[in-house]
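Residue strings, one per chain:
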Amino acid sequence: MAELTKEDVCINRINKRFGKGVIQYGLIEDGDKILVGLSGGKDSLALVELLGKRARIFKPRFSVIAVHVVMKNIPYQSDLEYLRNHAAAYDVPLIVFETSFDPTTDTRKSPCFLCSWNRRKALFAVAKENGCNKIALGHHMDDILETLLMNMTYQGAFSTMPPKLVMRKFDMTIIRPMCLIHESDLLELAKIRSYKKQVKNCPYESGSSRSGMKGVLKQLESMNPEARYSLWGSMTNIQTDLLPDAMKESIL
């Protein structure tokens, strides 16, 4: 038997973690029609590949379509031919949806938040128009843990982006099939597949605090190499008897 290459080991690890996440959190069911948001970044390109391959050979049977949302008032250039060819390689049709937003409509919210919110609205609209019952987003384990740390730090809430979120109001389910995959593996996959980077020049991107939280997560892992698994486990190991009771008055 031929010895596995470094690339083979990485791809096998990604496939194993992808499959484990799908099964452990019950993300895909027979008859699902899943919409993937394909931004053109490494995470969404990987998600199209992983879901497209799984739809070909695994049960339960489900179908996948992708959508690329073009925000017309943001200077973001996408190579649509590249995205179409990438999706087609995994038998996933691509829809291009154009929209825009006015950053002055709500000055209480950052333009970054408003752009993200309007992109999410577009995903729901396309999903409904095409009879999809689930929307798959390309968040990986690092994204989920960083969100956990951000919510604790900035909102005082122990919450994050769950692998599966049933939105009964919209009759739609959000799934994150890459929830157990590490970003480092996706970076390696991007090199193996030679993913083409999209041209991005967002005027609001510098306002995000996520990049700082990435550094916090790395620092925690330098202190404890198993930190990410401890953080992940903490979300299902909440020992309420060792926490303060709900306070009636502010502690400030």
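Structure shown above.
Residues numbered from 1 in each chain as written. Predicted model: local features only at pLDDT ≥ 70, side-chain atom pairs only at ≥ 80, totals over all residues. Heavy atoms only, no water.

Visitor: I'm lost on the overall build of the protein in this one. Help?
Guide: Along its length, the protein carries eight helices and eight strands. For 252 residues, the compact-globule estimate of 2.2 N^0.38 gives 18 Å, and the C-alpha radius of gyration of the protein, at 19 Å, lies within 12% of that figure. Once the C-alpha set of the protein is aligned to its principal axes, its extents read approximately 55 × 55 × 35 Å. The burial tally for the protein puts 40% of its 252 residues in the buried class. A sequence separation of at least 24 residues applies to 79% of the contacts in the protein between residues at least 6 apart. (Helix = DSSP H or I, 4+ residues; strand = E, 2+ residues; numbered from the N terminus. Rg over C-alpha atoms; globule rule 2.2 N^0.38 Å. Buried < 20%, exposed > 50% of the residue type's maximum accessible area, 1.4 Å probe, protein only. Contact = heavy atoms within 4.5 Å.)

Visitor: Which parts of the structure should I look at to understand the nonpolar core?
Guide: Side chains that are nonpolar tend, in soluble globular proteins, to be buried together. Of all hydrophobic cores here, the largest spans 34 residues; its most connected members are F18, V36, V48, L51 and M178. Of all elements in the fold, only α1 (6–24), β1 (33–37), α2 (42–57), β2 (63–71), α3 (80–88) and α6 (183–193) reach the threshold of two or more residues within this core. Ranked by residue count, the leading element in this core is α2, at seven residues. Those residues in contact with F18 that lie beyond four places of it in its chain are L47, L50, L51, R54, P177, M178 and I181. (Core = buried A, V, L, I, M, F, W, Y, C linked by side-chain atoms within 4.5 Å.)

Visitor: How should I be thinking about unusual backbone geometry in this particular structure?
Guide: Note on backbone geometry: most residues besides glycine have negative phi, and most peptide bonds are trans. Phi at D91 takes a positive value of approximately 60 degrees, unusual for a residue other than glycine. D91 sits in the exposed class, given a relative accessible area of 56%. A positive phi angle is found at S194, which is not glycine, with a value near 55 degrees. Given a relative accessible area of 55%, S194 falls into the exposed group.

Visitor: Hey, could you run me through empty space enclosed by the protein in this one?
Guide: With a probe scaled to a water molecule rolled over the atoms, the places where space remains empty come into view. Evaluation of the coordinates by the stated rule reveals one cavity of 30 Å³ or more. Here the largest cavity defines a volume of roughly 50 Å³. Forming the walls of the largest cavity are I11, I14, N15, E49, L50, K53, L189 and R193. Looking at the lining of the largest cavity, the elements with two or more residues in it are α1, α2 and α6. Class assignment for the residues of the lining of the largest cavity results in four nonpolar, one polar and three charged. (1 Å grid on protein atoms, 1.4 Å probe; cavity = no way out; pocket = protein on both sides within 12 Å on 5 of 7 lines; lining within 4 Å. Points joined across faces, edges and corners; volume = space filled by probe spheres on them. Nonpolar A, V, L, I, M, F, W, Y, C, P; charged D, E, K, R; others polar.)

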